[in-house]
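Each chain, written out:
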Amino acid sequence: MSKTSLRTSPAEGGLGDEPLLAVEDLHVEFVTRAGIVRAVNGVSYSLNPGETLAVLGESGSGKSVTAQAIMGILDMPPARIPKGEIRFRGTDLLKLSDEARTQVRGQRISMIFQDALSALNPVFTVGWQISEMFRVHRGMNKRDAMAKAVELMDRVRIPAAKQRVNDYPHQFSGGMRQRIMIAMSIALDPEVLIADEPTTALDVTVQAQIMELLAELQRESNMGLILITHDLGVVADVADKIAVMYAGRIVENAPVYDIYRAPAHPYTKGLLESIPRVDQKGQELYAIKGLPPNLLDMPTGCAFHPRCPYRQDNCVTDAPPLYGISGARNSACHYWREVLDGDPR
Amino acid sequence: MGRYIIRRLIQAVPVLLGATLFIFAIVFALPGDPIAALAGEKRQDPNIVAIIRDQYHLNDPLLLQYWYYISGIIFRGDFGKTFAGVPVTQLLAGKLQVTLNLALVALVLEAVIGVVLGLWAALRRGRATDTAILASTLLLISIPTLVSGFVLQLWLGVWLKQVTGTEIFPIAGTTQGIKSYLLPGFVLAGVSIAYLTRLTRTSLVETLRSDYIRTATAKGLSRRRVIGRHGLRNALIPLVTYLGADLGNLMGGAVITETIFNLPGIGNQLYQGVYLREQPIVVGIVTILVLVYIVANLVVDLMYAVLDPRIRYE
């Protein structure tokens, strides 16, 4: 297989059962003065066209770092990837040359970020920033590219797009800015869109609109969507499957319905129980005990054991593998059966 | 925008009045008699001294003297006369041009060298080039103009001429147009170059860490475009403030450089003015310098609006 030209890879024609994007045993570490921080420790997940994968986890769980590794926007150094594969249509992106990687980035795999105000360049108009995609990657002239930008702004439903195309990012509201970010990221019809906490900086009603927009765009173009979030409420409506991350590992991996019905990992269970619910108004909100581990000084055995209500002696010594539960479902807990059965904590 | 400029110029009036009064008072408080100094060692006729003192209002109280001076400027455009009877405007006209040339040459050298070195260091951050540039800026900051001026005059002016046989850098006077200003301009800009280099480096390094640079990379743009288009424009904004404010510093700091390179500028004149207690000369030059500061700051603020769309003046 050619390493430099992705378009000629055999998987392109839909041959075999290679997914659109497959992350395989990915390790990412950061070299710091305090030592080596292992931010991602053997993460694997896959994504098919039209599918939405939600990657769930608290800050420091490695979910964003994994996404940045896929995009190839990690600062290396200090980051390095000692092990793993990121296959896009069968080609390992990590083995590509810088130029070939740049061809994928933004055009075939694109990304939107949490805070659209800081993610957009303050000194250029939004039209300039969106149209840049067409000017640089498609060689369009300024006028055509600008017309395309207006078209895209219409598509992400920014009112009066034609008048606002020459405005600057700070002149838009938070939700509108995120729409501009989305317009920019879907400009060249990417096959994979990674949304890194796209709604965290927005208020609740706007969150729903943005999620709706993402889901709609995905339906229209059949792209694969990776939704990185720590908000389980956002996930339920749009995700097809969920990967829950903890301390740089995937601890549970399942279709969305299964997870909501009965989680198979104590951490997932804790997350679900900490969602505020209307029928429990006035009661104290459940919170998982303790704090996420220090990545420089990881607990022995299962990284979650100091906080785990299901802990047994072997959890302190043996790191659990990802146990297969059924079909597409996995859990990295020695006692997933007990968790699944919902034994009281 | 027009209204903003007018408002800023009106705000400049009290600044000018305050600065001139302040300087006027300081020169007033200087010890020694300016009229006595005119004659040097010779004896003076007390009657003539009395006439001159009266003519220049030297026996009046400070505020009255100031009023005579400032009203002359406001109502007649008259900046007063030196004790030798020469109008200050006439005295300064040509000299101001020399200092302005010197300061502008220094500013251009500072901007070009400082920005280039700073960007270079930022892009090679943590490597040998970066360390070398930072070390040399430190060296540049620690060498006084008095030393660097004479040393460069000797090396680049005298020795280089001996070695090459042609005069590349004239060492004194203003007879060779812009060439005359190159060496003094560099000496004058020295410390500023070092500061601007460091400022540029920090500014670009910080800019390259921001989220929109990550976005630009994620858009699949080349590194050259990410830095050149998305980074540079943002990194340059703080430098404009520094450069603008520095024009005033360069003009005010030209005294030593002008003396070393024998340039007939206002710096030289200011020194003599203070020495001879020639109030009109000193205050006149300070007024000009204050005006330069005010205008340079106004230009900086207007440039801001051009460079950073988040800033708008109503």
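Residues numbered from 1 in each chain as written. Chains lettered and ligands numbered in written order. Predicted model: local features only at pLDDT ≥ 70, side-chain atom pairs only at ≥ 80, totals over all residues. Heavy atoms only, no water.

Chemist: Looking at this structure, how should I read the UniProt feature "domain: ABC transporter" (unreviewed entry) in chain A?
Modeler: Those residues carrying the UniProt feature "domain: ABC transporter" (unreviewed entry) are residues 21-272 of chain A in this numbering. Its end C-alpha atoms 28 Å apart, residues 21-272 of chain A is made of 40% helix and 28% strand. (UniProt positions renumbered as here; feature names shortened; annotations may be inferred. Helix = DSSP H or I, 4+ residues; strand = E, 2+ residues; numbered from the N terminus.)

Chemist: Explain the UniProt feature "domain: ABC transmembrane type-1" (unreviewed entry) in chain B to me, please; I cannot follow it from the model alone.
Modeler: What UniProt calls "domain: ABC transmembrane type-1" (unreviewed entry) maps, in this numbering, to residues 96-304 of chain B. Span residues 96-304 of chain B is 83% helix and 0% strand, its end C-alpha atoms 28 Å apart.

Chemist: Looking at this model, I keep getting lost on the nonpolar core. Mind explaining?
Modeler: For soluble globular proteins, nonpolar side chains are generally found buried alongside one another. Among the nonpolar cores identified, the biggest contains 109 residues, and Ile109, Ile194 and Ile226 of chain A are the most heavily contacted of them. Here this core takes seven residues from helix α8 (residues 204-221) of chain A, the largest share from any one element. The contacts of Ile109 of chain A, once residues within four sequence positions are left out, are Leu21, Ile70, Met71, Phe88, Leu93, Val104, Pro190, Val192 and Ile194 of chain A. By size, the runner-up hydrophobic cluster in this structure holds 54 residues, among which are Ile73, Leu92, Val105 and Leu239 of chain B. (Core = buried A, V, L, I, M, F, W, Y, C linked by side-chain atoms within 4.5 Å. Buried < 20%, exposed > 50% of the residue type's maximum accessible area, 1.4 Å probe, protein only. Contact = heavy atoms within 4.5 Å.)

Chemist: Would you take a moment to explain the interface of chain B and chain A for this structure?
Modeler: One frequent convention defines the size of an interface as the accessible area lost when the parts assemble. Listed by partner, the interface residues are 20 residues for chain B and 25 residues for chain A. When the two sides are added together, the surface that chain B and chain A hide from each other amounts to roughly 2,000 Å², 60% of it contributed by carbon and sulfur. Linking chain B to chain A there are two salt bridges. Here Arg225 of chain B and Glu132 of chain A are joined by a salt bridge, their closest N and O atoms 2.6 Å apart. For the pair chain B and chain A, the number of links is eleven residue pairs in polar contact (both at pLDDT 80 or more). Taken together, the elements giving at least two residues each to the side of chain B that touches chain A come down to α9 (211-218) and α10 (223-252) of chain B. The residue makeup of the side of chain B that touches chain A, split by class, is six nonpolar, five polar and nine charged. (Buried area = accessible area lost by both parts, 1.4 Å probe. Salt bridge = Lys/Arg side-chain N within 4 Å of Asp/Glu carboxyl O. Polar contact = N/O pair within 3.5 Å; in protein donor to acceptor, adjacent residues only side chain to side chain. Nonpolar A, V, L, I, M, F, W, Y, C, P; charged D, E, K, R; others polar.)

Chemist: For this particular structure, what's the right way to read the UniProt feature "transmembrane region" (unreviewed entry) in chain B?
Modeler: Residues and elements named next belong to chain B. Cross-referencing UniProt, the feature "transmembrane region" (unreviewed entry) maps to residues 12-30, 98-120, 132-158, 178-196, 239-261 and 281-307 in the present numbering. Regarding residues 12-30, the helix share stands at 95% and the strand share at 0%, and the terminal C-alpha atoms are separated by 27 Å. As annotated, residues 239-261 comprises 91% helix and 0% strand, and the C-alpha atoms at either end are separated by 29 Å.

Chemist: Sorry, what's going on with the pairing of strand β3 (residues 52-56) of chain A here?
Modeler: Consecutive side chains of a regular strand alternate in pointing toward one face of the sheet and then the other. Residues and elements named next belong to chain A. β3 sits mainly inside the fold: five of its five residues count as buried. Burial along β3 is two-sided: Thr52, Ala54 and Leu56 and Leu53 and Val55, pointing in opposite directions, are all buried. When β3 meets strand β8 (residues 224-229), the two strands line up parallel, connected through five bridges. Bridge pairing links Thr52 to Leu225 in β8. (Pairing = 2+ DSSP bridges.)

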